Amino acid sequence: MKRVPIFILLVLIGCNAYSQQRLENDDINAVRAILKSQETAWNNADINTFMEGYWQSEKLVFVGSKGPTYGFLNTLERYKASYPNKEAMGTLNFDLLFIEQWDEKTIQVIGKFTLTRENDQPTGFFTLLFRKIDSVWKIVSDHSSSS
C-alpha cells in the first residue's frame, strides 16, 4: 500500500478549508447584497421590492415594538400600515455590526438601522436570521427595535 506524502495531505486539507471559506464568503456577500437591495428599495419607497428579501411563508416571524407578526402577508401589511408614504419611510441606512454563518444554510446578522426623515431620525437595532431556501437566502426571522 502506498503512503500519501504528508505534504500532499496538508495541501488537500488546506484546499478544502480554503474552498469552504470561499463558499462562506460568497454566502455572506449574497446576504449583504440582499440588505443593500432592501435599502435601495426602501429609499425608493418600494415596500414590495423591499419585502423580496423575506421568506414568503406563513412561518416568517417579524418581532417589533408591538410584538410578533407571523407570516409574510401580515408582515407586508404591517409595513404598509406603518409606512404609508415616502415621507413616513424617509431614507434608510443599515450599519451591519455582526455577521456569522452558523452552517451552510443559516446566517445571523445584527445591525443598526437609521431612518432619516424631515422631522426626526429614528434609529434602532435588528437581528436577522437568514436561511438558504431552494438555494436562495431569505430572512426567516426579523427582530427590530427602536432605541
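The structure presented is a predicted model; accordingly, all values stated were derived computationally and were not measured.

Asker: Quick question: what am I supposed to make of the overall build of the chain here?
Answerer: Within the chain, the regular secondary structure consists of four helices and six strands. The secondary structure elements of the chain, listed N-terminal to C-terminal, are α-α-β-β-α-α-β-β-β-β. Counting only residues that meet the buried cut, the chain has 33% of its 147 residues in that class. Residue pairs at least 24 apart in sequence account for 47% of intrachain contacts in the chain once pairs closer than 6 positions are excluded. Working note: accessible area of the chain is about 9,400 Å², and carbon and sulfur atoms make up 54% of it.

Asker: How do you make sense of the sheet that holds strand 1 (residues 61–64) when you look at a structure like this?
Answerer: Across a sheet, paired strands are connected by hydrogen bonds in the backbone, their directions being either parallel or antiparallel. Taken in spatial order, the six strands of this open sheet run 2-1-6-5-4-3, and their pairing is mixed. Looking at which strands have only one partner, the edges of the open sheet turn out to be strand 2 (67–70) and strand 3 (91–103). Across the sheet, the mean angle from the axis of one strand to that of its neighbour is 20°, orientation sign disregarded. Note that strand 3 and strand 4 (residues 106–116) share 11 bridges and pair antiparallel.

Definitions and cut-offs
- Residues numbered from 1 in each chain as written.
- Predicted model: local features only at pLDDT ≥ 70, side-chain atom pairs only at ≥ 80, totals over all residues.
- Heavy atoms only, no water.
- Helix = DSSP H or I, 4+ residues; strand = E, 2+ residues; numbered from the N terminus.
- Buried < 20%, exposed > 50% of the residue type's maximum accessible area, 1.4 Å probe, protein only.
- Contact = heavy atoms within 4.5 Å.
- Areas by Shrake-Rupley, 256 points an atom, 1.4 Å probe, with all protein chains shown as cover.
- Pairing = 2+ DSSP bridges.
- Axes fitted to C-alpha atoms, helices over the stretch in contact; angles between N-to-C directions.

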